[in-house]
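Structural overview for review
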Amino acid sequence: MPTVTKEDLISFEKEIADIFKSGQLRAPVHLRAGREDELIRIFEEHNIGSDDYVFGFWDSHELALLKGVPRQELKDSIMRGNSIALCFPEYKILCSGIVGSLMGTAVGTAWSLKNLGKPGRVFLFCGDMSSETGIFHESVKYAYNYDLPVTFIVGDNGVSVMTDTREVWGCPDPWFQGTKYAEKIIYFRYANGFPHSGIGKLIKF
Ligand SMILES: Cc1ncc(C[n+]2csc(CCOP(=O)(O)OP(=O)(O)O)c2C)c(N)n1
């Protein structure tokens, strides 16, 4: 896997932000800043490589770069309007813009890898509100009970778009904290340097 640095991730998001600002990109983008160290650490510590599957959601530019998608190929796909649902099967990274989707797919992929004796593991990255959904709970429960090779990574930026996730659920902590399921989950907090979507300015085409 090519080495991707923190500076690579930051400069990529900045490049896309500038393109978006110029009005050339006529599709939604979700940019992220402030979690580069955590993402790089997770990819390194878990040695995520070409046999492994990565599932992500609307905010997956950084994941694609870390999974080995070449910068230009990623940029071309974003320019074609695919930012919120990036899919590069040849690099084993698949993303969706639908909250809660892909969690069952990730577990099914892990089930197949295990039961067909194939190499590779599955890593699913999602946000704090996504990790409070029923489908996330069911997916983690199934993966834990059948000891499937899937890890769920929750990047907690405190909000679902602009809604305070913890206030919604009436609890300062994620549901899985202190449970047996936590061993299937990597959890970290970060403050997003970008708005949830776009760049916080009205863009006129
Ligand atoms: C089924 C569905 N409902 C609503 C949305 C709109 N939506 C997109 S992202 C998002 C917030 C999700 O919050 P979180 O999981 O914390 O993600 P993050 O803040 O990390 O982007 C919502 C409600 C959607 N994409 N899909």
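See the structure shown above.
What comes next concerns the included structure. (Residues numbered from 1 in each chain as written. Predicted model: local features only at pLDDT ≥ 70, side-chain atom pairs only at ≥ 80, totals over all residues. Heavy atoms only, no water.)

A count of helices and strands for the protein chain gives seven helices and eight strands. On C-alpha atoms alone, the protein chain measures out to a radius of gyration of 17 Å, which is about the 17 Å that the 2.2 N^0.38 rule sets for 205 residues. For the protein chain, the C-alpha atoms occupy an extent of roughly 50 × 40 × 25 Å along the three principal directions. For the protein chain, with 205 residues in total, the buried portion stands at 48%. By sequence separation, contacts in the protein chain at least 24 residues apart represent 75% of the contacts at least 6 residues apart. Carbon and sulfur atoms make up 54% of the accessible area of the protein chain, which amounts to about 10,000 Å² in all. Across the protein chain, 22 positive and 26 negative side-chain charges occur, with their mean positions spaced 4 Å apart. (Helix = DSSP H or I, 4+ residues; strand = E, 2+ residues; numbered from the N terminus. Rg over C-alpha atoms; globule rule 2.2 N^0.38 Å. Buried < 20%, exposed > 50% of the residue type's maximum accessible area, 1.4 Å probe, protein only. Contact = heavy atoms within 4.5 Å. Areas by Shrake-Rupley, 256 points an atom, 1.4 Å probe, with all protein chains shown as cover. Lys, Arg positive; Asp, Glu negative; His and termini not counted. Charge placed at Lys NZ, Arg CZ, Asp CG, Glu CD.)

In the vicinity of the ligand lie 14 residues, with Arg32, Trp58, Gly97, Met129 and Ser130 positioned nearest. Within the side chain of Asn157, an N or O atom sits 3.1 Å from an oxygen atom of the ligand. The protein chains hide 71% of the 580 Å² of surface that the ligand would expose on its own. Placement of the ligand is best described as lying within the largest pocket. Here the residues of the shell around the ligand sort into six nonpolar, six polar and two charged. (Near = heavy atom within 4 Å. Polar contact = N/O pair within 3.5 Å; in protein donor to acceptor, adjacent residues only side chain to side chain. 1 Å grid on protein atoms, 1.4 Å probe; cavity = no way out; pocket = protein on both sides within 12 Å on 5 of 7 lines; lining within 4 Å. Sits in = over half its atoms within 2 Å of the grid points. Nonpolar A, V, L, I, M, F, W, Y, C, P; charged D, E, K, R; others polar.)

Applying the stated criterion across every chain, the model contains twelve aromatic pairs. Taking 5.9 Å as the distance between ring centres and 70 degrees as the angle between the ring planes, the aromatic pair formed by Phe176 and Tyr187 counts as edge-to-face. With Phe176 in the loop between α7 (165-169) and β8 (185-189) and Tyr187 in strand β8, this residue pair connects regions lying eleven residues apart in the sequence. Looking at Phe176, the relative accessible area reads 3%, which means it is buried. Of the aromatic side chains, those joined through ring pairs into one cluster are Phe136, Tyr144, Phe152, Trp175, Phe176, Tyr181 and Tyr187. (Phe/Tyr/Trp six-rings, centres within 6.5 Å; stacked < 30°, edge-to-face > 60°.)

Strand β5 (residues 150-156) sits mainly inside the fold: seven of its seven residues count as buried. Residue alternation in β5 divides its side chains into two sets, Val150, Phe152, Val154 and Asp156 and Thr151, Ile153 and Gly155, and both sets are buried. For strand β4 (residues 122-127) and β5, the ladder comprises six bridges, and the chain directions are parallel. Within the sheet, the bridge partner assigned to Phe123 lies in β5 and is Thr151. You can see the chain leave β4, run along helix α6 (residues 134-145) and come back into β5, and the turn it takes is right-handed. Relative to β8, β5 is paired through five bridges, and the arrangement is parallel. Residue pairing across strands places Asp156 opposite Arg189, the latter belonging to β8. (Pairing = 2+ DSSP bridges. Right-handed = clockwise from strand over helix to strand, strands pointing away.)

The subject of this paragraph is the nonpolar core. Ranked by internal contacts, the top residues of the largest apolar core, which has 35 residues, are Ile16, Val54, Leu74, Ile78, Ile93 and Phe125. Within the residue set of this core, elements represented by two or more residues are α1 (6-22), α2 (36-45), α3 (61-66), α4 (71-82), β3 (93-95), β4 and β8. Tallying contributions element by element places α1 first for this core, with six residues. With near-sequence residues (within four places) excluded, Ile78 lies in contact with Phe12, Ile16, Leu25, Val29, His61, Ser83 and Leu86. (Core = buried A, V, L, I, M, F, W, Y, C linked by side-chain atoms within 4.5 Å.)

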